[in-house]
Amino acid sequence: MASATPLAEMAPFAKMNGLGNDIIVADMRGRADTVTSTAAIALAADPATHFDQIMAIYDPRLDGTDNYIAILNADGSMAQACGNGTRCVVQALNADTGRTRFTFETVAGILNAEQHADGLISVDMGVPRFNWQDIPLAEEFRDTRMIELQVGPIDAPVLHSPSVASMGNPHAIFWVDGDVWSYELDKFGPLLENHPIFPERANITIAQVTAPDAMIIRTWERGAGLTGACGSAACAAAVSAARTRRTGRSVTVTVPAGGQLHIEWRDDDHVVMTGPAEWEFSGTFDPETGNWQRDLGSAA
Ligand SMILES: N[C@@H](CCC[C@H](N)C(=O)O)C(=O)O
């Protein structure tokens, strides 16, 4: 889309992806303005810049952190966590600064991340929370390894009894024995995302455990819909699988786009996610309106 916004007001961005999770990394360093919901909705509506999350990199607000990161979903809402997007931020900042280790502030807390020599990136996603008020749920469930929630006929539910967890953002994990692709997640996802049990909505995942250290997931993301990958959902699924004795604490998670994340739930309770990030093209955009233009010579 051609932009009439004065060049000085435009901010650089990179269109990237984390295992097929569509990400825009917006460089808002050194600026006083912010990326608006209006801009997010406009960029998401354009097929060329369609994204699942915008990761907006701001100047640091806290001593000991490198940057403040704000996360916007495709519907313009704010998210507390985005694992795949955080890897994209690390790769973009590594390309810009040459540094390999970063400490970010997000609304969900402080995240440490590192780019390895092989290009893979690890993000310490913090400590999962399982208390019903922390997820949050609308009513008390003492045991969040399995809550009462189902879709389909009452006597023959299609999906039921999810585990729930917070990775800073709310997740529900429905366990299935068969192929995750045989479920109509495009149909059930919006209903479950907006179910009254989730007062802040939720990310909805279907998970099939295939080995004590492996699972396959599909995710309907809050505020974005079906995605090629969701890092925080992979973390929530991994910790929930370990809590329910379906797996150990170290698992490989295959995401819908086909790639894999390695998730380690460490003994200190932190969840570390490792995977790749990929640059697609770069441009500049108006953080107020979402008007944008591609950098000359930037790949399609
Ligand atoms: N894709 C992200 C998670 C996205 C956030 C989510 N839609 C929400 O609103 O919580 C990831 O990789 O973690």
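Note that the coordinates shown come from a computational prediction; the quantities given were computed from them, not determined experimentally.

Caption draft 1: Here's a closer look at the overall build of the protein. For the protein, the helix and strand inventory stands at 4 helices and 20 strands. What you see for the protein is a C-alpha radius of gyration of 19 Å, in line with the 19 Å of a compact globule of 300 residues. The proportion of buried residues among the 300 residues of the protein is 57%. When contacts within the protein are restricted to residue pairs at least 6 apart in sequence, long-range pairs at least 24 apart make up 61% of them. When the accessible surface of the protein is totalled, it reaches about 12,500 Å², and 51% of it is carbon and sulfur. In the protein, 20 positive and 38 negative side-chain charges are present, and the distance between their average locations comes to 4 Å.

Caption draft 2: Quick look at the pattern of salt bridges. Using the criterion set out here, one finds 15 salt bridges in the structure. Glu105 is paired through a salt bridge with Arg61; the nearest N and O atoms lie 2.8 Å apart. Separated by 44 residues along the polypeptide, Glu105 in strand β6 (residues 101–106) and Arg61 in the loop between β3 (53–58) and β4 (67–73) bring together distant segments of the chain. On the basis of relative accessibility, which here comes to 54%, the residue Arg61 falls in the exposed class.

Caption draft 3: Unusual backbone geometry, seen in detail. Residue Pro136 follows Ile135 across a cis peptide bond; omega there is -10 degrees. Checked against the element boundaries, Pro136 lands in the loop between β8 (121–124) and β9 (150–151). One non-glycine residue, Arg201, adopts positive backbone phi at about 60 degrees. Within the element layout of this structure, Arg201 appears in the loop between α3 (185–193) and β13 (203–211). Residue classification places Arg201 among the partly exposed residues on the basis of a relative accessible area of 24%.

Caption draft 4: Just the confidence of the model for the protein, in detail. Of all residues in the protein, 97% attain a pLDDT of 70 or more, and the chain-wide mean is 96. This prediction of the complex comes with two scores: 0.96 for pTM and 0.98 for ipTM.

Caption draft 5: Quick peek at the UniProt feature "active site" (unreviewed entry) in the protein. Under the UniProt annotation, "active site" (unreviewed entry) lies at Cys82 and Cys230. Judged by maximum C-alpha separation, these annotated positions cover 149 residues in sequence but sit close together in space, the widest gap being only 7.6 Å. Residue placement: Cys82 occurs in the loop between β5 (78–79) and α2 (83–97). For Cys82, a relative accessible area of 5% gives the class buried. Aside from chain neighbours lying at most four places away, what touches Cys82 is Asn21, Ile23, Gln53, Met55 and Ile71. In this structure, Cys230 is in contact with Asn21, Asn84, His171, Ile217, Thr219 and Glu221, ignoring residues within four places of it in sequence.

Caption draft 6: Structural context of the nonpolar core. Ranked by size, the top nonpolar core spans 50 residues in total, and within it Val89, Phe104, Met215, Ile217 and Ile263 carry the most contacts. Sort the elements by how many residues they give to this core and helix α4 (residues 231–243) lands first, with 9 residues. Setting aside residues up to four positions removed in sequence, Phe104 forms contacts with Asn67, Ile69, Thr86, Val89, Val90, Leu93, Gly109, Ile110, Leu111 and Ala113. Ile135, Leu137, Phe188 and Ala202 belong to the second-largest nonpolar core, a separate cluster that totals 23 residues.

Definitions and cut-offs
- Residues numbered from 1 in each chain as written.
- Predicted model: local features only at pLDDT ≥ 70, side-chain atom pairs only at ≥ 80, totals over all residues.
- Heavy atoms only, no water.
- Helix = DSSP H or I, 4+ residues; strand = E, 2+ residues; numbered from the N terminus.
- Rg over C-alpha atoms; globule rule 2.2 N^0.38 Å.
- Buried < 20%, exposed > 50% of the residue type's maximum accessible area, 1.4 Å probe, protein only.
- Contact = heavy atoms within 4.5 Å.
- Areas by Shrake-Rupley, 256 points an atom, 1.4 Å probe, with all protein chains shown as cover.
- Lys, Arg positive; Asp, Glu negative; His and termini not counted.
- Charge placed at Lys NZ, Arg CZ, Asp CG, Glu CD.
- Salt bridge = Lys/Arg side-chain N within 4 Å of Asp/Glu carboxyl O.
- pLDDT = per-residue confidence, 0-100.
- UniProt positions renumbered as here; feature names shortened; annotations may be inferred.
- Core = buried A, V, L, I, M, F, W, Y, C linked by side-chain atoms within 4.5 Å.

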